[in-house]
Amino acid sequence: STTGALVTAELCAEPGDAPEDVGARAARLLLAEIARGGCFDSAHQWMALLLMTLAPEHVVRTRIGKLTPFTIQYLRDLRDFFNTTFKISPDAETNTVLMACLGTGFSNVGKKTI
C-alpha cells in the first residue's frame, strides 16, 4: 500500500483443492478487502474500535471501509458495556466511513506501579 495500511485476507483450503485454486480465491478476497477501503480490513474492524474505546479520554478517529454486520453488532455491544457511542460519518468520495469516539480512559488497576 502507498498509505502504510496493512490489509489482509485469509482462506483455508478444502480437502482436494488445488493450490492454484486456493491462491486464486485468496487473491480475490484480498482484492475485495482493498476495494472496501479504510485503514483496517473487515476482519479487524472490531479490534480498532475496541482500542479506540479503551483509549485515554480524548477524541479518537479512524477511517474504516464498509461496516460488516459483526462490526455493527459490536458497536452496540461497546455502547452497552462501556457506554461509548461513536460518531459515524460516511465519506461518499472515498466510499469509507469516518469513526470517532471519546476514549473511556480505561486503565489496568491490577498493574503494579513502582
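None of these values were measured; they are calculated from a predicted model. (Residues numbered from 1 in each chain as written. Predicted model: local features only at pLDDT ≥ 70, side-chain atom pairs only at ≥ 80, totals over all residues. Heavy atoms only, no water.)

**As for the overall build of the protein chain**
Now for step 1: Secondary structure assignment for the protein chain yields 3 helices and 3 strands.
Now for step 2: The order of helices and strands in the protein chain, counted from the N terminus, is α-α-β-α-β-β.
Now for step 3: For the protein chain, the C-alpha radius of gyration of 17 Å lies well beyond 13 Å, the compact-globule estimate for 114 residues.
Now for step 4: For the protein chain, the spread of C-alpha atoms along the three principal axes comes to 55 × 40 × 30 Å.
Now for step 5: For the protein chain, the residues scored as buried account for 25% of the 114 residues in total.
Now for step 6: Here the protein chain displays about 8200 Å² of accessible surface, and carbon together with sulfur accounts for 60% of that area.
Now for step 7: A gap of 10 Å separates the mean positions of the 11 positive and 12 negative side-chain charges of the protein chain. (Helix = DSSP H or I, 4+ residues; strand = E, 2+ residues; numbered from the N terminus. Rg over C-alpha atoms; globule rule 2.2 N^0.38 Å. Buried < 20%, exposed > 50% of the residue type's maximum accessible area, 1.4 Å probe, protein only. Areas by Shrake-Rupley, 256 points an atom, 1.4 Å probe, with all protein chains shown as cover. Lys, Arg positive; Asp, Glu negative; His and termini not counted. Charge placed at Lys NZ, Arg CZ, Asp CG, Glu CD.)

**Let's talk about helix H3 (residues 69–82)**
Now for step 1: A rise of 1.5 Å per residue sets the reference length of H3, with its 14 residues, at 20 Å; its end C-alpha atoms lie 20 Å apart and thus fit the reference within 8%.
Now for step 2: Turning to H3, its buried residues number three or more, namely Thr71, Tyr74, Leu75 and Leu78. Viewed end-on, H3 has its buried residues packed into an arc of 110°, placing them on one side of the element. Exposed residues on H3 whose side chains face more than 90 degrees from its buried face are Pro69 and Asp80. (Expected span 1.5 Å × (residues − 1). Arc of directions from axis to C-beta.)

None of this, on its own, says anything about what the molecule does.
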